[in-house]
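# What the coordinates show
The primary structure of each chain is shown beneath.
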Amino acid sequence: YSNPPAGRRWVRGLFSGGSLAAEAQAIFLGGGEAVSSNAPIPGAVALADGGAGHRMIDLGSDEYTSGRPHPMIDPSLRDDALFAALADPTVGVVMMDVVLGFGAHDDPAGHMVRSLQGWNHGGQTDLPVIIASVTGTDEDPQGRAHQVAALREAGIRVAPSNADAASFALACIRGASR
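Residues numbered from 1 in each chain as written. Predicted model: local features only at pLDDT ≥ 70, side-chain atom pairs only at ≥ 80, totals over all residues. Heavy atoms only, no water.

## Regarding helix H4 (residues 108-118)
- For H4, a buried count of eight out of eleven residues is recorded, marking the element as mostly surrounded by other parts of the structure.
- By the burial criterion, the buried members of H4 are Pro 108, Ala 109, Gly 110, His 111, Met 112, Val 113, Ser 115 and Leu 116.
- Residues of H4 that are buried make contact with helix H3 (79-87), strand S5 (91-99), strand S6 (129-135) and helix H5 (144-153). (Buried < 20%, exposed > 50% of the residue type's maximum accessible area, 1.4 Å probe, protein only. Helix = DSSP H or I, 4+ residues; strand = E, 2+ residues; numbered from the N terminus. Contact = heavy atoms within 4.5 Å.)

Structure (structure tokens):
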């Protein structure tokens, strides 16, 4: 695992897939961590009811997509939430999903990398650990290997699955709190 910067304890999961957001919540709850979400599973807290600490956000829910394309089609929907998480001095890990397939953005990892490169972090050097999972195959139009390589080249840790990404995020924050 990687240690997040000192004092950064919380995880922000920014998901385009609701099932992936639910899976991350289940991993955190199973690991004994409280979690909140805009689409909470049993045991998680609704963001509207407080939502402190770890947050798993389904950016594909109606509250984010009303009148806009789904984030699998237009990944820029995630940009503001990503920048806010990076700038938050309490966030130690940011988790994101990259979903491939027909109908999805033609280069979701490339968009993520370009967004991160363009983000003005005001000289901030103690950034959170960024973990991504890529759901898809090399047979998808975007090519899984190409997407993984682009993320890794940008310094983003890529987990083999979303469940692995959530487990890795837990290990990161637990290592930081020792």
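## Looking at H5
- Those residues of H5 that fall on the buried side of the exposure criterion are Gln 147, Val 148 and Leu 151. Angularly, the buried residues of H5 cover 95° about the axis, an arc narrow enough to put them on a single face. More than 90 degrees from the buried face of H5, the exposed residues found are His 146 and Glu 153.
- Buried residues along H5 sit against S5, H4, S6 and strand S7 (157-159).
- Within two residues after H5, Gly 155 carries a phi angle of roughly 90°, on the positive side. (Arc of directions from axis to C-beta.)

## Observations regarding the packing of aromatic side chains
- Throughout the structure, instances matching the rule amount to one aromatic pair.
- Centroid distance Phe 83 to Trp 119: 6.2 Å. Interplanar angle 15°. Geometry classified as stacked. A residue pair is termed long-range when its members are at least 10 positions apart, and Phe 83 in helix H3 and Trp 119 in the loop between H4 and S6 qualify at 36 residues.
- Judged by its relative accessible area of 22%, Phe 83 is partly exposed. (Phe/Tyr/Trp six-rings, centres within 6.5 Å; stacked < 30°, edge-to-face > 60°.)

## So, the packing of H4 against H5
- Orientation of H4 relative to H5, taken along the N-to-C sense of each, is 15°, at an axis distance of 8 Å. Relative to H5, the element H4 lies roughly parallel. Judged by the twist between their axes, the crossing of H4 over H5 is left-handed. Within the contact between the two elements, H4 uses Pro 108, Ala 109, Gly 110, Met 112 and Val 113 and H5 uses Gln 147, Ala 150 and Leu 151.
- Considered class by class, the residues forming the contact of H4 with H5 number six nonpolar, two polar and no charged. (Axes fitted to C-alpha atoms, helices over the stretch in contact; angles between N-to-C directions. Parallel < 35°, antiparallel > 145°, perpendicular 65-115°, else oblique. Left-handed = near helix turned anticlockwise from the far one by under 90°. Nonpolar A, V, L, I, M, F, W, Y, C, P; charged D, E, K, R; others polar.)

## A look at the pairing of strand S1 (residues 10-15)
- The element S1 is largely enclosed, with a buried count of five among its six residues.
- Sheet topology places S1 next to S5; five bridges connect them, and they run parallel. Residue pairing for S5: Val 11 is matched across the bridge by Val 93. (Pairing = 2+ DSSP bridges.)

## Considerations on the pattern of salt bridges
- All chains considered together, the criterion is met by six salt bridges.
- Close ionic contact of Arg 12 with Asp 88 constitutes a salt bridge, the shortest N to O distance being 3.9 Å. Residue Arg 12 is found in strand S1, and its partner Asp 88 is found in the loop between H3 and S5; the two are separated by 76 residues along the sequence.
- Of the residues examined, Arg 12 reaches a relative accessible area of 9% and is grouped as buried.
- A salt bridge links Arg 114 to Asp 107; its shortest N-O distance comes to 3.7 Å.
- Overall, Arg 114 belongs to the partly exposed group, its relative accessible area being 48%.
- What emerges from the salt-bridge pattern is a single network uniting Arg 9, Glu 33 and Arg 174. (Salt bridge = Lys/Arg side-chain N within 4 Å of Asp/Glu carboxyl O.)

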